[in-house]
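Per-entry structural report
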Amino acid sequence: MTEHNHTDGDEPRDDRTDEPSRDDPGPGVPHLGRDEEPAVYGPDYRFDLPEDLDESVVTETDHPIGDETAATPEAEAAVPDGGASTAGEDLDPSNYDAVDVFDTGALDLRDGADSCYKCTTCETSCPVAEVDDSFPGPKFQGPEQWRLKRKQDADIDESITDCSNCMRCDSACPSSVPLSQMHNEARSEFVEEQMEKLSTEYVRNRILSNYRFFAAIASKTPRLANFVTGLSVTQWAGEKLLGITGEREFPDFAEETFREWWRERGGAQVENPEKRVAYFHGCYSNYNTPEVGKAMVRVYERFGYEVMIPPQKCSGTPMFANGMLADARRHAEKNVEELVAAIGEGADIIASCTSCSLSLRQEYPELFDIHGIEDVAENTFEALEYLRIHEDLDGALADASLDGEELAYHAPCHARNQGLARQAIETFDDVNGVAVEDVGDSCSGISGTYGWKAEKYDYSMEIGAEMFEHMRAAEGEVGMTECPTCAMQMEHGTGYDIRHPLQLLEAALVD
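In short, a report on the structure. What you are looking at is a predicted structure, and each value in this text was computed from that prediction instead of being measured.

Some thoughts on unusual backbone geometry
The backbone phi angle of Lys118 is positive, close to 60 degrees, even though this residue is not glycine. Relative to the assigned elements, Lys118 resides in the loop between α2 (110–115) and α3 (121–125). With a phi angle near 65 degrees, Asn165 is a residue other than glycine that sits in the positive phi range. Tracing the backbone shows Asn165 in the loop between α5 (138–151) and α6 (168–172).

See below:
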């Protein structure tokens, strides 16, 4: 509610009109805020009366502050914190106009910004702020930039591009401030209005954001693509010309994509209108690790589900992280159209990548107003999560036995944001022959495209150092995670093979 500022004595007046002067600050502009005044500890607190207030109205001896029976209307109006007195006033919200925060954006996150009380919990949870002293942190990137936009037409600070979009700040905030939503909108405005479109950084970020486009081309001749991307000269050129780090090896492209395998096998092997799921496989499980998608299909068919594979584009996750919201919206429109149709056929939506499921569940409805988007969000689940909700996994795994599987498990940041940090540990905890060790709650450091940028590579490895250390200290020498880029980082930092929980389920349950 907008408060009115009370002023004592005569109002400044305009001699020409005998009306209040336009220099008068008017309602809603208190001279001092609460943060600028000493704390009030009890009823014996004293404050100086305004100069134009008759001291006979209130005296310390006759009317101590805190004696409600002694207060007069004039004394009540002298508010010690410099705020507003609304006594006797009828406030009509219709008299106050809404504030447009970002002129070019469709979002008004005023309420979210105002919910921030600067506790800095988000700062302490931010992995980038921990290693990059130049990064001002989530609080500045979110609420404080929004406040600046309300006060003046300020440009978005360039440091918004240093945010990795791990979204840990969302989970950390005790006031539920929509930090990542603010970051995504601000980053988009910066890229659209302030970033030079012919710069190396912009071109590099466009390439990384649209991985699906280049992966589709590479998958036409995967052996050739793998040979070329594996050359040291290719990695050198990528860093020198585009700013893509040469320290990482490009992931191999599968000789047969997941969708090619799906068509070759003749589609779904189970028909069951009562148990139907639509699999959102994402880019990486299609072009690089189709074994994850195959495991998903086989495990779900083992539980009697009819699996649908609808047409789909990228979830938009790398586009969000690089401020390419226009690109993300084009992909989202296609995805929502196809997934809504699947929902209409009785299917729930399943994703094997936690970043994809988070995108469909949270970022889509936060950033876009596409028809049917709420239905998609409400009916989307991560693959293991869905089975834990709808099936007796403990019973199914009771008689399962694996041959000495020891795995070091990392819960991705985007899994934590969905409350899924412990699901893999709990699922395999009692399976014979399996030992899964949690390697801690630190970020892996790669954060999708962040760790692929040459100027961010060292930061990404410093962030991931704690995870690497815990993995090496674990009993097993095989890693496990639900996120494909976390898997890249785990393998890069330790040399371990990395598996998806669905692959372990397949080994345990499918003959």
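Notes on the side chain of Lys139
Note that Lys139 resides in helix α5. By relative accessible area, which is 14% here, Lys139 ends up buried. One polar contact links Lys139 to Glu144, side chain to side chain, over a distance of 2.6 Å. Dropping the residues within four chain positions of it, Lys139 is found in contact with Cys116, Lys118, Thr120, Cys122, Glu123 and Glu144.

Observations regarding the sheet that holds strand β7 (residues 401–409)
If you trace the 4 strands from one edge of the open sheet to the other, you get β8-β7-β9-β10, paired in parallel fashion. Looking along the sheet, the strands with just one partner apiece sit at the ends: β8 (432–438) and β10 (497–499). Sheet twist, expressed as the average angle between the axes of neighbouring strands with direction ignored, equals 35 degrees. As paired elements, β7 and β8 share 6 bridges and run parallel to each other. Pairing of Tyr409 across the sheet is with Asp438, part of β8.

Re the side chain of Thr380
Tracing the backbone through its elements, the reader meets Thr380 in strand β6 (residues 380–382). Given the relative accessible area of 1%, Thr380 is considered buried. Of the polar contacts made by the side chain of Thr380, one reaches the backbone oxygen of Val376; its length is 2.6 Å. Excluding its chain neighbours within four sequence positions, the residues that come into contact with Thr380 are Ile349, Ser357, Leu360 and Arg361.

The rules behind these values
Residues numbered from 1 in each chain as written. Predicted model: local features only at pLDDT ≥ 70, side-chain atom pairs only at ≥ 80, totals over all residues. Heavy atoms only, no water. Helix = DSSP H or I, 4+ residues; strand = E, 2+ residues; numbered from the N terminus. Buried < 20%, exposed > 50% of the residue type's maximum accessible area, 1.4 Å probe, protein only. Polar contact = N/O pair within 3.5 Å; in protein donor to acceptor, adjacent residues only side chain to side chain. Contact = heavy atoms within 4.5 Å. Pairing = 2+ DSSP bridges. Axes fitted to C-alpha atoms, helices over the stretch in contact; angles between N-to-C directions.

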